[in-house]
Amino acid sequence: MSVLSQLTDAVASFRQKSDVTVFSLSVGTLLAIIVGVVAFSDVVASTLATANQFIVTNLGWLYLWVVFLSFVFVGYVLIGPWGRIKLGGPDAEPDFTFWQYLVMTFTAGLSSGGLEFWGPVEPLIHYDSRPPYFGAEAGTWARMADALQYAIYHYGLSAWATYLVFAVAISYFVYRKDAPFRPAVILAPFVGVDNLDGPLGKLVDAMAVVVTVSGITVSFGLGVSQFASGLAFKWGVGLGEAGRIGLILLVGALFLLSVIAGIQKGIKRFADLNVVLLIGLMAAIFVFGQATTLVNLTTQALIGYATDFVGMSLFFAPNGDATGWLGSWTLFFWPWWLTFAPMIGIFMARISKGRTLRELVFAGLFGSFALTVPWYAATGGSALLLQTSGAADLLGVYDASGLEAVGFALFEQLLPYPGVFSATLLLLVVSFLITTLDSSTLSIAMMASNGAESPSTINRLVWGLMMVLLTIALSLAGGMPVLQSFTILVGLPTAVLCAIAMAGMLVELEREFPILTENHLEESRWNTKGTTQTSDD
């Protein structure tokens, strides 16, 4: 088949599968944002800073409660009878092995949040500027454990709970009610599956597309910044603004090749590479570092994480100072996670056919936690030990070269052949970014294609291009502060959608599987696709 014929077929597929309303509204909004940021960068930066302060001060409680209640909801799905509900008919078989399922779930979610970026540096910063929730003195073991505990909290179960709220809702309606892969299905308990194509449903889909693309730009910007910092710190290679833009375009090109390869070959291969590199770096740190001390420190942090979980989840700020430490950390991370929630929810639903809701929640919560904790223990814990022992002044590196350079400085001090391991970290950064673009554009294209399970390649490429352009625009407008303020703003509508999704699923599941009003249910009801009848009927 000629190139022209292939292009013609691709365009035809794009026209046939795309939802014109959602696609046009989303692209138009994003282009308006990009043009506004480029044309009025100073005004945009100051406006975002003002909006950020207002939202954190007056609506910070909304983020805290939505995230906490998300964990309560999915926790009940995990341990309660609703977890037995099977996604698909009784004969539905999973498309992936459970290991592949865990790996794809983990990398799709955590690559979005820059695990390789924050792991070495976040506990160190918490140690230096004590979280207001704690009171341990500097230089103490308790202060180190508190710092690691808060870092694990920000990347722990709470973040994944928001993803799973959408994943549970979307997968339930897709595989049991024949709904499309769309964020708008969260409205189904209230309006019905057959009424999702109205203006409200289209608005929800378009909103989800815009906030997802916006959230990805933060991950994209952080990853590029870390890569550039690594080149400068380790090898003395300065990229400059032009070089950073070139790097963004290069990652976009690599993503293009991954899209052409398809989900089975593209996302899966990069997902496998991410896990191999992550585990390899963790193993090296434990081998050449203080393994016993790291285990003891992490154990103390996990004990605190369990006992302080509710307190940390609902802690606001002393004297109403929400724009200080809390606004820079928890109230930055929560809206950031929320911007990913519709996208990760759709992606998890896409790969969850044949699973039960319990398997879905388990993969999201504990499958990810099993890799997050060791990574923070290895990188963040080692950074704390080096700093407090005087073996390395990593806080000095942070002050002089920024937080992006701390991971490379850690490898320099801790591991033999630091150049090799620093290069491996750079490869991990790029691989994570490609996985982020790959999985997110698949989900976004499904949102803009009326839930088509296999959206057109052109559709996916458009959203990849939007991410590249918005990342470049926001980076030129002011870098990290602008990215952070932008995230807190766009996370607000997703928090509202998450609350709607939780409320809707409680209504739907209790209506279909009324565990609060019935003590005995027929086993077949949990595995049968479609509307069920109660055992008393």
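Placed above this text is the structure.
Here goes a summary of the coordinates provided. (Residues numbered from 1 in each chain as written. Predicted model: local features only at pLDDT ≥ 70, side-chain atom pairs only at ≥ 80, totals over all residues. Heavy atoms only, no water.)

Here we take up helix α13 (residues 291-307). Given a rise of 1.5 Å per residue, 17 residues ought to cover 24 Å, and the 24 Å separating the end C-alpha atoms of α13 matches this to within 8%. Taken residue by residue, α13 has Leu294, Leu297, Thr298, Ala301, Gly304 and Tyr305 as its buried positions. Angular distribution of buried residues about the axis of α13 spans 120°; they occupy a single face of the element. For α13, the exposed residues set more than 90 degrees away from the buried face come down to Thr292, Ala306 and Thr307. (Helix = DSSP H or I, 4+ residues; strand = E, 2+ residues; numbered from the N terminus. Expected span 1.5 Å × (residues − 1). Buried < 20%, exposed > 50% of the residue type's maximum accessible area, 1.4 Å probe, protein only. Arc of directions from axis to C-beta.)

Quick look at the packing of aromatic side chains now. Aromatic rings considered in pairs are described by the distance between their centres and by the relative angle of their planes. Summed over the entire model, instances satisfying the criterion amount to 33 aromatic pairs. Look at Trp118 and Phe333: their rings are 5.4 Å apart centre to centre, the planes differ by 70°, and that puts the pair in the edge-to-face class. With Trp118 in helix α5 (residues 115-118) and Phe333 in helix α16 (residues 330-350), the pair connects residues that are 215 residues apart, well separated along the chain. On the basis of relative accessible area, Trp118 is assigned to the buried category, the value being 3%. For Phe333, a relative accessible area of 0% translates into the label buried. Measuring from centroid to centroid gives 6.0 Å for Trp336 and Phe340, while their planes differ by 50°, and the two rings are tilted. Taken together, the positions of Trp336 and Phe340, both in helix α16 and 4 residues apart, correspond to about one turn of that helix. Pair check on accessibility: Trp336 and Phe340 agree, each one buried. The positively charged end of Arg143 is found above the aromatic ring belonging to Tyr127, 5.6 Å away from the centroid. Directly above the ring of Tyr101 sits Arg355, whose terminal nitrogen or CZ lies 4.8 Å from the centroid. (Phe/Tyr/Trp six-rings, centres within 6.5 Å; stacked < 30°, edge-to-face > 60°. Lys NZ or Arg CZ within 6 Å of the ring centre and 35° of its normal.)

Looking now at the nonpolar core. The nonpolar side chains of soluble globular proteins are, as a tendency, buried together. Membership of the largest hydrophobic core comes to 191 residues, with the highest contact counts inside it found for Tyr63, Trp118, Val213, Phe333, Leu360 and Trp463. With 16 residues, helix α8 (residues 157-177) is the single largest residue contributor to this core. Filtering out sequence-adjacent residues up to four positions away, Phe333 remains in contact with Trp118, Glu122, His154 and Tyr155. (Core = buried A, V, L, I, M, F, W, Y, C linked by side-chain atoms within 4.5 Å. Contact = heavy atoms within 4.5 Å.)

When you line up the elements, Ser313 lands in helix α14 (residues 309-314). Among the residues examined, Ser313 registers a relative accessible area of 1% and is labelled buried. Engagement of the side chain of Ser313 in a polar contact is seen with the backbone oxygen of Phe309, the distance being 2.7 Å. (Polar contact = N/O pair within 3.5 Å; in protein donor to acceptor, adjacent residues only side chain to side chain.)

What follows covers the pattern of salt bridges. Under the defined criterion, the tally for this structure stands at 7 salt bridges. Residues Glu508 and Lys177 are paired through a salt bridge, measuring 3.8 Å at the closest nitrogen-oxygen approach. You can see Glu508 sitting in helix α22 (residues 480-512) and its partner Lys177 sitting in helix α8, a full 331 residues away along the chain. Per residue, the accessibility class of Glu508 equals that of Lys177, and both read buried. Residues Arg182 and Asp205 are paired through a salt bridge, measuring 2.5 Å at the closest nitrogen-oxygen approach. Placement of the pair is Arg182 in the loop between α8 and α9 (188-191) and Asp205 in helix α10 (residues 199-235), with a sequence separation of 23 residues. One network of salt bridges, in which partners are shared, links Lys177, Glu508, Arg511 and Glu512. (Salt bridge = Lys/Arg side-chain N within 4 Å of Asp/Glu carboxyl O.)

Turning our attention to unusual backbone geometry. Positioned with a positive phi, Asp178 is a non-glycine residue whose angle comes to about 60°. Within the secondary structure, Asp178 sits in the loop between α8 and α9.

With that settled, consider the packing of α13 against helix α17 (residues 357-389). Between α13 and α17, whose axes approach to 9 Å, the crossing angle comes to 120°. As the angle between them shows, α13 and α17 are arranged oblique. Crossing hand, α13 versus α17: right-handed. Residue-level inspection shows Thr293, Leu294, Leu297, Thr298, Leu302 and Tyr305 of α13 in contact with α17, the latter providing Phe369, Val373, Ala377, Ala378, Gly381, Ser382, Leu384 and Leu385. Taken together, the residues that form the contact of α13 with α17 break down as 10 nonpolar, 4 polar and no charged. (Axes fitted to C-alpha atoms, helices over the stretch in contact; angles between N-to-C directions. Parallel < 35°, antiparallel > 145°, perpendicular 65-115°, else oblique. Left-handed = near helix turned anticlockwise from the far one by under 90°. Nonpolar A, V, L, I, M, F, W, Y, C, P; charged D, E, K, R; others polar.)

Judged by side-chain polarity, Trp61, Trp65, Leu69, Val72, Val310 and Leu314 come together as a nonpolar surface patch covering roughly 540 Å² of accessible area. Counting only elements with at least two residues in the nonpolar patch, the list comes to α3 (41-79) and α14. The element that contributes the greatest number of residues to the nonpolar patch is α3, accounting for 4 residues. (Patch = residues over 30% accessible without salt bridge, like charges linked within 9 Å, V, L, I, M, F, W, Y side chains within 5 Å. Areas by Shrake-Rupley, 256 points an atom, 1.4 Å probe, with all protein chains shown as cover.)

The next subject is the environment of Val37. Relative to the assigned elements, Val37 resides in helix α2 (residues 20-39). Placed 439 residues apart in sequence, Val37 and Leu476 show a C-alpha to C-alpha distance of 8.8 Å.

Take the packing of helix α7 (residues 141-154) against α13 next. The interhelical angle for the contact between α7 and α13, taken along N-to-C directions, is 65°, at an axis separation of 8 Å. One way to sum up the angle between α7 and α13 is to call them roughly perpendicular. Once α7 is placed against α13, the crossing between them reads as right-handed. Residues Trp141, Met144, Ala145, Leu148, Gln149, Ile152 and Tyr153 of α7 lie in contact with α13, whose contacting residues are Thr293, Asn296, Leu297, Thr298, Gln300, Ala301, Leu302, Gly304 and Tyr305.

So, on to the environment of Ala228. Within the secondary structure layout, Ala228 lies in helix α10. In this structure the C-alpha to C-alpha distance between Ala228 and Gly243, which are 15 residues apart in sequence, comes to 8.5 Å. Ignoring any residue separated from it by four or fewer positions in sequence, one finds Ala228 in contact with Val237, Leu239 and Arg244.

This part takes up helix α18 (residues 394-401). Residues of α18 that are buried include every one of Leu394, Leu395 and Val397, and no others. Projected down its long axis, α18 carries its buried residues within an arc of 155°, all on one side. For α18, the exposed residues lying more than 90 degrees away from the buried face are Asp399 and Ala400. Contact partners of the buried residues in α18: α6 (122-128), α10, α17 and α19 (406-414). Within two residues after α18, Gly402 carries a phi angle of roughly 95°, on the positive side.

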